[in-house]
Amino acid sequence: MALKMVKGSIDRMFDKNLQDLVRGIRNHKEDEAKYISQCIDEIKQELKQDNIAVKANAVCKLTYLQMLGYDISWAAFNIIEVMSASKFTFKRIGYLAASQCFHEGTDVIMLTTNQIRKDLSSPNQYDTGVALTGLSCFVTPDLARDLANDIMTLMSHTKPYIRKKAVLIMYKVFLKYPESLRPAFPRLKEKLEDPDPEPRLGKKLIEPLTNLIHSTSAMSLLYECVNTVIAVLISLSSGMPNHSASIQLCVQKLRILIEDSDQNLKYLGLLAMSKILKTHPKSVQSHKDLILQCLDDKDESIRLRALDLLYGMVSKKNLMEIVKKLMIHVDKAEGTTYRDELLTKIIDICSQSNYQYITNFEWYISILVELTRLEGTRHGHLIAAQMLDVAIRVKAIRRFAVSQMATLLDNAHLLASNTQRNGICEVLYAAAWICGEFSEHLEEANQTLEAMLRPKVTTLPGHIQAVYVQNMVKLYASILQQKEQAGEKEAAQEITQLMIDRLPQFVQSADLEVQERASCILQLIKYIQKLQVKEVPVAEEVIALFAGELNPVAPKAQKKVPVPEGLDLDAWINEPPSDSESEDEKPKTIFHEEEQRHSRHRQPEIDEEELARRYQDTPGVEHIPVVQIDLSVPLKVPGMPMSDQYVKLEEERRHKQKLEKDKKKKKQKKEKRGKHHRHNSLHTESEEDIAPAHHVDIITEEMPENALPSDEDDKDPNDPYKALDIDLDKPLADSEKLPVQRHRNVEDLKSPDSEVPLAEKKSKKPKKKEKKHKEKERDKGKKKEKEKKVVEEEEEEETKKSEPGVGAAVVAESQEAKKEQREEQEEEEEDEGKKSSKHKKKKHKKEKEEKSKDKKKSKKKSHHSEEEPPESVQNGTLEDEPLPPMSSYRLLAENTYIKMTYDIQGNLQNDSQVTVSVIFENKSTSFLKSMELNVLDSLNTKMLRPEGSSVHDGIPVPFQLPPGISNEAQFVFTLQSIVMAQKLKGTLSFIVKNDEGSTHEKLDFKLHFSCASYLITTPCYSDAFAKLLESGDLHMSSIKVDGISISFQHLLAKICFHHHFSVVERVDSCASMYSRSIQGHHVCLLVKKGENSVSIDGKCNDSTLLSNLLDEMKETLSKC
Amino acid sequence: MIKAILIFNNHGKPRLSKFYQRYSEDTQQQIIRETFHLVSKRDENVCNFLEGGLLIGGSDNKLIYRHYATLYFVFCVDSSESELGILDLIQVFVETLDKCFENVCELDLIFHVDKVHNILAEMVMGGMVLETNMNEIVTQIDAQNKLEKSETFIFQSPRQDRYHHRYLQQSPEGRILIADPLQSIEHSLKT
């Protein structure tokens, strides 16, 4: 009965769990979207509740909705809340949700740093596990930097389950934070146990693997062996003896795989072949027949693999044959995707390494022309680009190319009339340009010109028409010259008249570019006509318009132009426009669009989407009646040569060449008999022997003078793995050590007013990302106040941690650390007062309340303070003088193995707890493990131990320490009275492990709880401060210290830092200060500086606490 | 690296999506749709590898998939993964699901996608293969479930059982779908 009630209430509490949600969605197939939006509303309600179980349930449902495509990033903060739940059940839900939807752009992601760190060092291995798994999905450069050291430590975790995950996640950390690779590398190497196994291992493995390949009948084993052998041979290709026998064996075995009827084996065989191909192309080439067979396979994956292989297999000798086979497949291919793939492969194969394998360019042009007959291909522009490239770069082919292009233009209706074949009409662009540019090679120029002036042309896309218009003038110019030279005046006038008659159709074009060009040219030709009537010879002048030859420019030429001395390309020519301006007005767009338009007309390679859009945009196109040609008749453009004839011709030619060569060789042999052995070169003609059909000069692309040779531009700048291109053999520098969790080293003077300038100061920091964040954060007015608060607090911590070079600063006493501290001081001062929120997330709640109160107060006060001169608002940061470095970490104990420093922080959340943070630094060259810390509890002060353990049990330190590494652990102590300072005796026991074995060691220490450590730096405002003093509830006490030489500002800084006070107000050499104990005692100070002395008057609820505090202060000050 | 792991049914309904690379929710849905389109049109007797090139960033990636009854298990991987290894991993994944859910069917995946994620997390971490030993995976999953049960025994287990029972009765997907003994990779590759 009771159980039923409990269940009932829980059921009510959970309106829906994941299963209910799924079921609901399945029952609302009709109005799924509406139902889901209802559910999301419910979820939003659930997320507002304080019960973590309800929240977790809501987040769990959100994760499901994310899979269905709903954006759940709005719940990021709630997800973090669930991640920080203490129960594994909820934590796991939280981390799963985070792994699904967090990414580098998630603004609250930096809030997770401390939570993750806490989970990583959790005594429960599964907490650590889910944290690692989650982190692996959403690690950002910041998280990687801050947590690298923690993860490194986990690589030596006692549980293999954690070690495994830690090793794996390091890869992600390296990718995001490459600086960590070098410091972590020794550790990774350790994990492999063998210091350097690679080269030797490979050599050793080859033989047994080869034996296995020989003997095994298991296909999968065979495949993996072959794969490994290939990998080894590729990695060892330098400095290894020839392993052609092994390769030969692999290829043979792969052939068996490929011939198998199992499709997976076939695929894998081909895949492995392509790996061998890279290093041993000859071995694979002998299996050309088999690969070509695979092109007939019904499975597209197999065919594509085979195509890929063919690309690497071509030689001068077999190019024509392979392409011929591919052309047959093009004809047969069903479905445009595969056919397009074939088309691009044919072009790739032919054009690779600067047309290295093409011996006959007439053949290639024919192939390209044949490819234009493909219906509905998307790659018209590819063919066009090839035509242009070949015609421009291979001078000898121009005459032939021009004649082919003229035929294409003449038959343009076949290409352009079918809407399905729109993609292919791009080749007309190339054809028109080639005919125009090289019109001196045209035999029937008149006919071509007429073809270009046909009314049908106006249905072509604008950019093609524009090229038509431009090039018909070139044609016209050369015809004019021809006629004038021949003295055929009438013919010359006729052609002019033809132009004047036909050009107006282009002048009316809706395309601006076409219209503009056409009207210019029309006017020009009308002028020519006038001159012609007067019988003035004009041809020379017209042809001069197009004089000069275009040379190809290398694609990298622009980049290689050296920057002249004194020219800074990054410098602004004008003042940069402000951000807001560029967003609102977008002054750049004019240029931008213009650029796009230009490129459209100049570059034949235009991406497909743009083309599609262009066709849609062209007005008038849809009204043009489309004449469907009868496709049942195989397309044959009259007068076009079939590429096949070249194959035959080529064979004959080669045969002849061979015969000639043989003759020569025989002669040579006769002459040099005895010296030479007989060799079989008669039958295996090597490809170097094949001479090109006719002399082909491939014009090399132009490079700028004094171009800089560099290989760098061959690397892909977007390669995410590029960052890991790091020299691992260089010794580690100190600055490269991994950042360890940062601790506050300096506390500062804090003015209540610093709240506002804080935000501004932050935004000035160089870290753009954080700046952006901050602004975003401020802009989000909608966000709940409390949420915002936490974000800011955490963020500040983040900023602190993200200071460069902080890594070495752990041990605050070290020299470098001091140096760095000095640099960071200024910034740190601002952050004070929020420090106490450092480790425990829950603390925020209380502080939030306090803060919001503070903020309200500061608003009220703001008028007031603005009027005051800046000197009276004494904030430490206003002083010019730099503060000396300070550290709150004091030495706890030290021996030859280990050094411990510690700091005590009051716990805001709990009025009877303090947290002791201890940094353990391994000073030895041995490995320290099984560290356990124990103290002798006093009546008043006790160490918080896990439930069930006795007072004699120590607390295990949740990490191990490799040599030279330091890390921090925290221990919580409970106290009853805080009015007196306390000392606790304790012992750290640990095991030292090195090559000689393990020894058990101990280190005793005395933990000193000063009264100041019970104080929590709390800002206070002068009005509140005055009220406190007036209330009369406080006891009073005073001290005076002589012989003070340091400046007043430094003195205040010391009190703030070491005794956890904040400055309320400062006027000249007099300051009021405030602090609060964890049990709520108010402590007020009035500090006055005389010539060489300082007097401090204090007021506090508790007189004992006050006198103890003042004594401690006296001790601090007397050291000054 | 594994770029994404997708499970969807014969109609393209997603049953699990895990992306190890950031995509917006819309893009994710588009990728799921495209992948379904590519994979579903392939015959049953063709190979399990598919080089789309269009999907998830370029030609370096390929799809490795398996089709079990009503479900497609698709892994999108780059060239650094062993094809055979991933094929085997899919098998291990399904067998592990079968063990954890006791005769797994599509409905288990529908109603317990969180559990499927948890199982997957023990096998693949951040796109890297973590563990392929089924016994090890099941041990860890069991241990975590035990831990979870100790925390939430009051309301979790009774409800779960109830629903499991109910949806089996209601739905057409109630039949056990992946019950046929899964051929091991060795078997399918004809040892």
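Residues numbered from 1 in each chain as written. Chains lettered and ligands numbered in written order. Predicted model: local features only at pLDDT ≥ 70, side-chain atom pairs only at ≥ 80, totals over all residues. Heavy atoms only, no water.

Explain the overall build of chain B here, please?
What chain B contains, in helices and strands, is seven helices and seven strands. Traced from its N-terminal end to its C-terminal end, chain B shows the element sequence β-β-α-β-β-β-α-α-α-β-β-α-α-α. Residues classed as buried in chain B amount to 59% of the 191 residues present. (Helix = DSSP H or I, 4+ residues; strand = E, 2+ residues; numbered from the N terminus. Buried < 20%, exposed > 50% of the residue type's maximum accessible area, 1.4 Å probe, protein only.)

Sorry, what's going on with the overall build of chain A here?
Per the secondary structure count, chain A includes 44 helices and 15 strands. Expressed as a percentage of its 1120 residues, the buried residues of chain A come to 52%. Pairs at least 24 residues apart make up 72% of the contacts formed inside chain A by residues separated by at least 6 positions. Total accessible area on chain A is roughly 54800 Å²; 51% of this is exposed by carbon and sulfur atoms. (Contact = heavy atoms within 4.5 Å. Areas by Shrake-Rupley, 256 points an atom, 1.4 Å probe, with all protein chains shown as cover.)

Can you walk me through the packing of aromatic side chains in this structure?
Centre-to-centre distance and the angle between the planes together describe a pair of aromatic rings. All names here are of chain A. For the structure shown, the criterion picks out 16 aromatic pairs over all chains. Ring centres of tyrosine 897 and phenylalanine 990 lie 6.1 Å apart, and the angle between their planes is 75°; on these two criteria the pair is classed as edge-to-face. With tyrosine 897 in the loop between β1 (890-894) and β2 (898-906) and phenylalanine 990 in strand β8 (residues 982-994), this residue pair connects regions lying 93 residues apart in the sequence. A residue is classified by how much of its surface remains accessible, and phenylalanine 990, at 0% relative accessible area, is buried. One aromatic cluster is present, formed by Tyr355, Phe361, Trp363 and Tyr364 through successive ring pairs. When the ring centre of tryptophan 74 is taken as origin, the NZ or CZ atom of lysine 44, which lies over that ring, is 4.8 Å away. (Phe/Tyr/Trp six-rings, centres within 6.5 Å; stacked < 30°, edge-to-face > 60°. Lys NZ or Arg CZ within 6 Å of the ring centre and 35° of its normal.)

It is not clear to me how a nonpolar patch on the surface should be interpreted in this structure. Could you clarify?
Judged by side-chain polarity, Val563(A), Leu567(A) and Leu569(A) come together as a nonpolar surface patch covering roughly 300 Å² of accessible area. Along the chain, Leu569(A) turns up in the loop between α32 (557-560) and α33 (579-585). (Patch = residues over 30% accessible without salt bridge, like charges linked within 9 Å, V, L, I, M, F, W, Y side chains within 5 Å. Salt bridge = Lys/Arg side-chain N within 4 Å of Asp/Glu carboxyl O.)

Looking at this structure, how should I read the confidence of the model for chain A?
Parts of the model with low pLDDT should not have their predicted coordinates read in detail. Averaged over chain A, the pLDDT score is 74; the fraction of residues at 70 or greater is 71%. Segment residues 674-688 of chain A: pLDDT under 50, and nine contacts once partners within four positions in sequence are set aside and those in other chains are kept. (pLDDT = per-residue confidence, 0-100.)

Looking at this structure, how should I read the side chain of Gln140(B)?
Within the secondary structure layout, Gln140(B) lies in helix α5 (residues 134-152). Ignoring sequence-local partners within four residues, the contact set of Gln140(B) consists of Tyr126(A), Tyr161(A) and Glu122(B).

Explain the sheet that holds strand β2 (residues 14-19) of chain B here, please?
Two strands in a sheet stick together by hydrogen bonds in their backbones, pointing the same way (parallel) or opposite ways (antiparallel). Residue and element names in this part refer to chain B. Taking strand neighbours across the sheet as the criterion, the five strands line up as β2-β1-β5-β4-β3 in an open arrangement whose pairing is antiparallel. Strands at the two margins of the open sheet, each flanked by one partner only, are β2 and β3 (49-50). Here strand β1 (residues 2-9) pairs with strand β5 (residues 71-77) via seven bridges, running antiparallel. In the sheet register, isoleucine 2 faces β5, and the bridge partner there is valine 77. (Pairing = 2+ DSSP bridges.)

Whenever I open this one, the interface of chain B and chain A confuses me. Can you help?
In many reports, interface size means the accessible area that the parts give up when they come together. Contact residues are listed per partner, giving 67 residues for chain B and 67 residues for chain A. Carbon and sulfur atoms make up 54% of the area that chain B and chain A hide from each other, which totals about 6100 Å². The largest contributions to the chain B side of the interface with chain A come from Glu25(B), Phe111(B) and Met125(B), which together make up 10% of the buried area. Inspection of the chain B/chain A interface yields seven salt bridges. The tally of links from chain B across to chain A stands at 30 residue pairs in polar contact (both at pLDDT 80 or more). Here the element with the most residues in the side of chain B that touches chain A is α5(B); it accounts for nine residues. Tallied by class, the residues present in the side of chain B that touches chain A amount to 27 nonpolar, 19 polar and 21 charged. (Buried area = accessible area lost by both parts, 1.4 Å probe. Polar contact = N/O pair within 3.5 Å; in protein donor to acceptor, adjacent residues only side chain to side chain. Nonpolar A, V, L, I, M, F, W, Y, C, P; charged D, E, K, R; others polar.)

Honestly, the pattern of salt bridges in this entry has me stumped. Any pointers?
Between side chains of opposite charge, a pair can form when the charged atoms approach closely. Inspection of the entire model under this criterion finds 35 salt bridges over all chains. For the salt bridge of Lys55(A) with Glu81(A), the shortest nitrogen-to-oxygen distance reads 3.3 Å. Here Glu81(A) lies in helix α5 (residues 76-83) and Lys55(A) lies in helix α4 (residues 52-67), a separation of 26 residues in the sequence. A relative accessible area of 7% means that Lys55(A) is categorised as buried. Lys91(A) is paired through a salt bridge with Asp119(A); the nearest N and O atoms lie 2.8 Å apart. Linking Lys91(A) in helix α6 (residues 88-101) with Asp119(A) in helix α7 (residues 112-120), this pair joins segments that are 28 residues apart in sequence. No difference in accessibility class separates Lys91(A) from Asp119(A), as the two residues are buried. One network of salt bridges, in which partners are shared, links Arg305(A), Asp308(A), Glu341(A), Lys345(A) and Glu51(B).

Quick question: what am I supposed to make of the sheet that holds β1(A) here?
All names here are of chain A. If you walk across this open sheet you meet the five strands as β1-β2-β3-β7-β5, and the pairing is antiparallel. A single partner strand is all that each edge strand has here, and the edge strands are β1 and β5 (941-943). Within this sheet the neighbouring strands show an average axis-to-axis angle of 30°, counted without direction. Direction of pairing for β1 relative to β2: antiparallel, over a ladder of four bridges. The residue bridging alanine 893 from the neighbouring strand is methionine 900, located in β2. (Axes fitted to C-alpha atoms, helices over the stretch in contact; angles between N-to-C directions.)

Please explain the pairing of strand β15 (residues 1094-1100) of chain A as it appears in this structure.
Strand residues, when the strand is regular, have side chains that alternate between the two faces of the sheet. All names here are of chain A. Alternating positions in β15 separate cleanly, Val1094, Ile1096, Gly1098 and Cys1100 being buried on one face and Ser1095, Asp1097 and Lys1099 remaining unburied on the opposite face. Across seven bridges, the pairing between strand β11 (residues 1035-1041) and β15 is antiparallel. Bridging from a neighbouring strand, histidine 1035 pairs with cysteine 1100 of β15. Inspection of the sheet shows strand β14 (residues 1082-1089) paired to β15 by seven bridges, in the antiparallel sense. Bridge assignment links lysine 1089 to a residue of β15, and that residue is valine 1094.

Where do I start with helix α21 (residues 361-371) of chain A in this structure?
Three- or four-residue spacings in an α-helix give side chains the same orientation, since the helix completes a turn every 3.6 residues. Most of α21(A) sits out of view: 10 of its 11 residues are buried. Its side-chain oxygen 2.9 Å from the backbone nitrogen of Glu362(A), Asn360(A) forms the N-cap of α21(A).

Would you mind going over the side chain of Thr133(A) with me for this structure?
You can see Thr133(A) is positioned in helix α8 (residues 125-138). Aside from chain neighbours lying at most four places away, what touches Thr133(A) is Lys165(A), Ala121(B) and Met125(B).

Would you explain the pairing of strand β4 (residues 927-935) of chain A in this entry?
Direction of pairing for β4(A) relative to β8(A): antiparallel, over a ladder of seven bridges. Among the inter-strand pairings, Asn934(A) is bridged to a residue of β8(A), identified as Thr987(A).

Sorry if this is basic, but what is going on with helix α18 (residues 300-313) of chain A here?
The end-to-end C-alpha distance of α18(A) is 20 Å, a good match for the 20 Å that 14 residues give at a rise of 1.5 Å each. Counting buried positions along α18(A) gives 10 out of 14 residues, so the element sits mostly inside the fold. All of the buried residues along α18(A) are Ser301(A), Ile302(A), Arg303(A), Leu304(A), Arg305(A), Ala306(A), Leu307(A), Leu309(A), Leu310(A) and Met313(A). Taken together, the buried residues of α18(A) touch α15 (263-279), α16 (281-285), α17 (288-294), α19 (319-332) and α20 (336-355) of chain A together with β3 of chain B. Structurally, the start of α18(A) carries an N-cap: the backbone nitrogen of Ser301(A) is 3.0 Å from a side-chain oxygen of Asp299(A). (Expected span 1.5 Å × (residues − 1).)

Quick question: what am I supposed to make of the environment of Glu736(A) here?
Residue and element names in this part refer to chain A. For glutamate 736, the position within the fold is in the loop between α36 (643-672) and α37 (755-763). Judged by relative accessible area, which is 25%, glutamate 736 ranks as partly exposed. When near neighbours in sequence (up to four residues on either side) are disregarded, glutamate 736 contacts Glu179, Arg182, Pro183 and Pro731.

Hey, could you run me through unusual backbone geometry in this one?
The phi angle at Glu535(A) is positive, at roughly 65°, despite the residue not being glycine. Its location among the elements puts Glu535(A) in the loop between α30 (512-533) and α31 (539-544). The backbone of Ala69(B) sits at a positive phi, close to 45°, despite the residue not being glycine. Tracing the sequence through the fold places Ala69(B) in the loop between β4 (62-68) and β5.

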